[in-house]
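Residue-level structure breakdown
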Amino acid sequence: MQGDWYLLVIDRFDRAPEIWQKAAGLAGLSAGVTVVSDPEAAEPLLLRGGYDLVFCSYYFPAETGTQFFSRMRAQGVQTPVIFIATEMDTKGVLEAAAMPMADFLVSPFAPDSLHRHITLLLGSTDAPPAPPQEPA
């Protein structure tokens, strides 16, 4: 995977951006990373746009990651998202599968697994996705 990607990470453990940059790099993705610890901080960033991909914790105190992204989809945010959980959650997997441009990954994961999920979610990953075009 080539190109400069912009990742938003909504990480309930609030791990440093360098950790996520390393994970992305091991999966072959060159990326700038912004990390926030909860959906409330992520919402204005997502509404503003500019991210190519989101890694989002599945569990949060007030709502699940899929509930949050359902609200974001209703507001027009179509950024692809990979939900990450520390344990398999069948309900979360099914919710992610029903959502457009979403996937579910259980941590810890191998870099090739992350690469495979990104490739399946985004198709060709040789360059960052083109920004959405305004209707003519």
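Residues numbered from 1 in each chain as written. Predicted model: local features only at pLDDT ≥ 70, side-chain atom pairs only at ≥ 80, totals over all residues. Heavy atoms only, no water.

1. Regarding the sheet that holds strand S2 (residues 31-36)
Where we set the bar: Strands are treated as partners if at least two bridges between them are detected by DSSP. Segments assigned H or I by DSSP are reported as helices when at least four residues long, segments assigned E as strands when at least two residues long, and all are numbered from the N terminus. Every angle, taken between N-to-C directions, lies between 0 and 180 degrees, and every axis is a line fitted to C-alpha atoms, over only the stretch in contact when it is a helix. Note on contacts: a residue pair is in contact if any heavy atoms of the two residues lie within 4.5 Å.
Strand order in this open sheet of five strands is S2-S1-S3-S4-S5, and the pairing throughout is parallel. Single-partner strands in this sheet number two, and they are S2 and strand S5 (102-106). With direction set aside, neighbouring strand axes in the sheet form an average angle of 20°. With six bridges joining them, strand S1 (residues 5-10) and S2 adopt parallel strand pairing. Note that in S2 the partner of isoleucine 10 across the bridge is valine 36. Lying on the sheet, helix H4 (residues 90-98) is in contact with strand S4 (81-85) and S5; it crosses S5 at an angle near 155°. Contacts from helix H5 (residues 111-122) reach S1, strand S3 (53-57), S4 and S5 within the one sheet, and its direction differs from that of S5 by about 170°.

2. With respect to the side chain of glutamate 63
Basically, it comes down to this: Residue burial is assigned from relative accessible area. The probe radius is 1.4 Å, only protein chains are included, and a residue is buried under 20% of its type maximum, exposed over 50%, and partly exposed in between. Under this definition, polar contacts are N or O atom pairs within 3.5 Å; protein pairs additionally need one hydrogen-donor-capable and one acceptor-capable atom, and for neighbouring residues in sequence, both atoms have to be side-chain atoms.
Looking at where glutamate 63 falls in the secondary structure, it is placed in the loop between S3 and helix H3 (65-74). For glutamate 63, a relative accessible area of 15% corresponds to the buried category. A polar atom in the side chain of glutamate 63 sits 2.9 Å from the side chain of arginine 71. In this structure glutamate 63 touches Pro39, Tyr58, Phe68 and Arg71, once residues within four positions along its chain are discounted.

3. A few points about unusual backbone geometry
For residues that are not glycine, phi is negative in most cases, and the peptide bond is trans in most cases. Between serine 107 and proline 108 the backbone carries a cis peptide bond, its omega angle lying at 0°. Tracing the sequence through the fold places proline 108 in the loop between S5 and H5. With a phi angle near 50°, aspartate 14 is a residue other than glycine that sits in the positive phi range. If you check the backbone angles, methionine 101 has positive phi at about 55° while not being a glycine.

4. A closer look at the confidence of the model for the protein
Inclusion rule: Note: pLDDT gives the predictor's confidence per residue, expressed from 0 to 100.
Chain-level statistics for the protein give a pLDDT mean of 86 and a share of 88% at 70 or above. Across residues 127-136 the pLDDT falls below 50, and counting only partners more than four positions away or on other chains, this stretch makes nine contacts in the model.

5. With respect to the environment of threonine 66
Tracing the sequence through the fold places threonine 66 in helix H3. Distance in space between the C-alpha atoms of threonine 66 and methionine 99 is 8.2 Å, their sequence separation being 33 residues. With residues near it in sequence (within four places) discarded, threonine 66 still touches Tyr58, Phe83, Gly92, Glu95, Ala96 and Met99. One polar contact links threonine 66 to threonine 64, side chain to side chain, over a distance of 3.1 Å.

6. Some words on the pattern of salt bridges
This is how it is decided: A side-chain nitrogen of Lys or Arg and a carboxyl oxygen of Asp or Glu constitute a salt bridge if their distance falls within 4 Å.
Inspection of the entire model under this criterion finds four salt bridges. Where glutamate 63 meets arginine 71, a salt bridge forms, and the shortest distance between an N and an O atom there is 2.9 Å. Looking at arginine 71, the relative accessible area reads 34%, which means it is partly exposed. Ionic pairing is found between glutamate 95 and lysine 91, a salt bridge with its closest N-O pair at 3.4 Å. Here lysine 91 and glutamate 95 lie together in helix H4, a separation of four residues that amounts to about one turn. Residues participating in the shared-partner salt-bridge network are Glu43, Glu63 and Arg71.

7. Remarks on the nonpolar core
Under the convention used in this document: Buried Ala, Val, Leu, Ile, Met, Phe, Trp, Tyr and Cys residues that are joined via side-chain atoms within 4.5 Å together make up what is termed a nonpolar core.
Counting residues in each nonpolar core, the largest one holds 22 residues, and the members touching the most others are Leu8, Ile10, Leu46, Val54, Cys56, Phe69 and Phe83. Once residues lying within four places of it in the same chain are set aside, the contact partners of phenylalanine 69 are Ile10, Leu46, Val54, Cys56, Thr79, Val81, Phe83 and Met99. By size, the runner-up hydrophobic cluster in this structure holds 19 residues, among which are Leu7, Trp20, Ile84 and Leu105.

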